[in-house]
Amino acid sequence: MQTHDERLSFLRGAVPVIAPSMLKCDFGNLHRELELLHAADAAVLHLDVMDGHFVPNLSYGPMVIERLRERSETFFDAHLMISEPARYLDEYIRVGCDAITVHLEAVPDPRELLQRIRSSQIVAGVAVNPDTPFAEVEPFLNDMDLLLVMSVQPGFGGQKFLPHVVSKIQQAREQGPEGLVISVDGGIGKSTIAECARAGCSLFVAGSSVFDQPCYSEAMSELRQLAMEPQAG
Ligand code: DX5
Ligand code: ZN
């Protein structure tokens, strides 16, 4: 089994990372989708868990992740859009997630949960909705490994990117600890990825901009290229 440090260094090392969001994949043929993503060398798969309560939509839970794990060695980045994540956390740990992110709006003081995740050798993340101010997450930045900045209201793929979140990414980069992994999720595509990269993001969740394209590999490498340019310049 990998340690927390190994998993975290992997995320920090492979920069920038495009993480296809499995919410937008063909649920009728998950096996084929996994094969295509493996062939496209996806380094991280983003798994959107929704409970129909915290968000007005329902996706999948630990049973599906467990079956995917049997067929994939890729890094699994689980995004729990669920109420009371503390109740279900052990299941997500057990089925083989490499990173687990909980919402600050579901757990206003996430310190204990983050500690539970880290002590299970898993990368610990906190997600913030577009309208949650930076000041609310700032006190916990040293307790987490990953900050997931939502750039759409959570619940559905295919929404339009909300540009006001870019300043939150910037604040987190400037005020957070050096090794903090900053991720952005929602409406990430060719026209929005570069500004997030410039603001300090290194892990880009991409649903429509990968799965609605004919070639996943090409879509991902185009996005990666656009995310690298601002750093080079
Ligand atoms: C939304 C999810 C996202 C979503 C992204 O609640 O967290 O991961 O699938 O999809 P796009 O990239 O299409 O906005
Ligand atoms: Zn997500």
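For the structure itself, look to the data block above.
The numbers attached to residues start from 1 for each chain and follow its sequence in the written order. Starting at A for chains and at 1 for ligands, labels are handed out in the order in which the entities are written. Only residues with pLDDT of at least 70 are given local features in this predicted model, and only at 80 or more are side-chain atom pairs given and counted; all residues enter the totals for whole chains, interfaces and linings. Think of the side-chain values as coming from all heavy atoms in the structure, minus any hydrogens and water.

Draft legend 1. Representation of the pairing of strand 8 (residues 203-206) within the structure. Residues Leu203 and Val205 line one face of strand 8 and the alternating positions Phe204 and Ala206 line the opposite face, and both faces are buried. The pairing criterion is simple: DSSP has to find at least two bridges between the two strands. Secondary structure elements follow DSSP: runs of H or I no shorter than four residues count as helices, runs of E no shorter than two count as strands, and numbering proceeds from the N terminus. By the bridge criterion, four bridges tie strand 1 (residues 17-20) to strand 8 in an arrangement that is parallel. Along strand 8, the bridge assignment pairs Pro20 with Ala206. When the strands point away from the viewer, a crossover counts as right-handed if the path from the first strand over the helix to the second runs clockwise. Taken together, strand 7 (residues 181-185), helix 8 (residues 193-199) and strand 8 constitute a β-α-β crossover, and its handedness is right-handed. Summary of the burial criterion: residues with accessible area below 20% of their type's maximum are buried, those above 50% are exposed, and those between are partly exposed, where the area comes from a 1.4 Å probe applied to protein chains only.

Draft legend 2. How the structure looks around the site of ligand 1. Whether a residue is near a molecule or strand is decided by its heavy atoms; if any one of them lies within 4 Å of it, the residue is near. Not every one of the 20 residues close to ligand 1 is listed here, only the nearest: Ser21, Asp48, Gly155, Asp185 and Ser208. Interatomic distance of 2.7 Å between a side-chain N/O atom of Asp185 and an oxygen atom of ligand 1. Using the Shrake-Rupley algorithm and a 1.4 Å probe, accessible areas are obtained, with residue cover drawn only from the displayed protein chains. For ligand 1, whose free accessible area comes to 380 Å², the fraction covered by protein is 99%. Secondary-structure elements contributing two or more residues to the shell around ligand 1 are strand 2 (44-50), strand 3 (75-81) and strand 8. For the shell around ligand 1, the element with the most residues is strand 2, which contributes three residues. A class-by-class count of the residues in the shell around ligand 1 yields eight nonpolar, ten polar and two charged. Polar contact is the term for a pair of N or O atoms within 3.5 Å; when the atoms are in protein, one must be able to donate a hydrogen and the other to accept it, and sequence-neighboring residues count only if both atoms are side-chain atoms. Polar here means any residue outside two lists: the nonpolar Ala, Val, Leu, Ile, Met, Phe, Trp, Tyr, Cys and Pro, and the charged Asp, Glu, Lys and Arg; Gly therefore counts as polar.

Draft legend 3. View of the coordination of the zinc ion (ligand 2). Bound to the zinc ion (ligand 2) are the protein donor atoms His46 (NE2), Asp48 (OD), His79 (ND1) and Asp185 (OD), situated 2.0 to 2.3 Å from the metal. Coordination here is defined by N, O and S atoms within 2.8 Å of the metal (3.2 Å for Na, K and Ca), and since water is not considered, a site can look incomplete. The rule is simple: four donors are tetrahedral if all their angles sit between 85 and 135 degrees, four are square planar and six octahedral if opposite donors span more than 155 degrees and the others lie between 65 and 115, and anything that fits none of that is irregular. One can describe the donor arrangement at the zinc ion (ligand 2) as octahedral, given that its six donor atoms subtend angles of 67 to 168° at the metal. In terms of primary sequence, the donors binding the zinc ion (ligand 2) are separated according to H-x1-D-x30-H-x105-D. Note that His46 is positioned in strand 2 and Asp185 in strand 7, a separation of 139 residues in sequence. Each member of the pair His46 and Asp185 is classed as buried.

Draft legend 4. View of the nonpolar core. For our purposes a nonpolar core is just a set of buried Ala, Val, Leu, Ile, Met, Phe, Trp, Tyr and Cys residues, chained together by side-chain atoms within 4.5 Å. Residues Ile65, Ile100, Met144, Leu147 and Phe204 are the most contacted members of the largest nonpolar core, which totals 62 residues. Residue contacts are counted whenever heavy atoms from the two residues lie within 4.5 Å of one another. Residue contacts for Phe204: discarding those within four places in its chain leaves Pro16, Val17, Ile18, Ala19, Val184, Ile188, Ile193, Cys196, Ala197 and Ala227. Among the nonpolar cores identified, the runner-up in size contains 16 residues, and Leu8, Leu146, Leu148 and Val152 belong to it.

Draft legend 5. How the structure looks around the sheet that holds strand 2. If you walk across this open sheet you meet the eight strands as 1-8-7-6-5-4-3-2, and the pairing is parallel. Edge positions in the sheet fall to strand 1 and strand 2, since each of these pairs with one other strand and no more. On average, each strand axis in the sheet is inclined to that of its neighbour by 25°, with strand direction left out of account. Helix 7 (residues 166-175) contacts strand 5 (123-128), strand 6 (146-150) and strand 7 of the sheet and is inclined by roughly 170° relative to strand 7. Helix axes use the C-alpha atoms of the stretch in contact, all axes being lines fitted to C-alpha atoms, and the angles between their N-to-C directions lie in the range 0 to 180 degrees.

Draft legend 6. Representation of helix 3 (residues 62-71) within the structure. Among all positions of helix 3, only Pro62, Ile65 and Leu68 are buried. The buried side chains of helix 3 occupy one side of the element, clustering within an arc of 120° when seen end-on. Residues of helix 3 that are exposed and point more than 90 degrees away from the buried face comprise Met63, Arg67 and Glu70. Those residues of helix 3 that are buried lie in contact with helix 2 (30-39), strand 2, strand 3 and helix 4 (85-94). Summarising the geometry, the arc corresponds to the directions from the helix axis toward the C-beta atoms.

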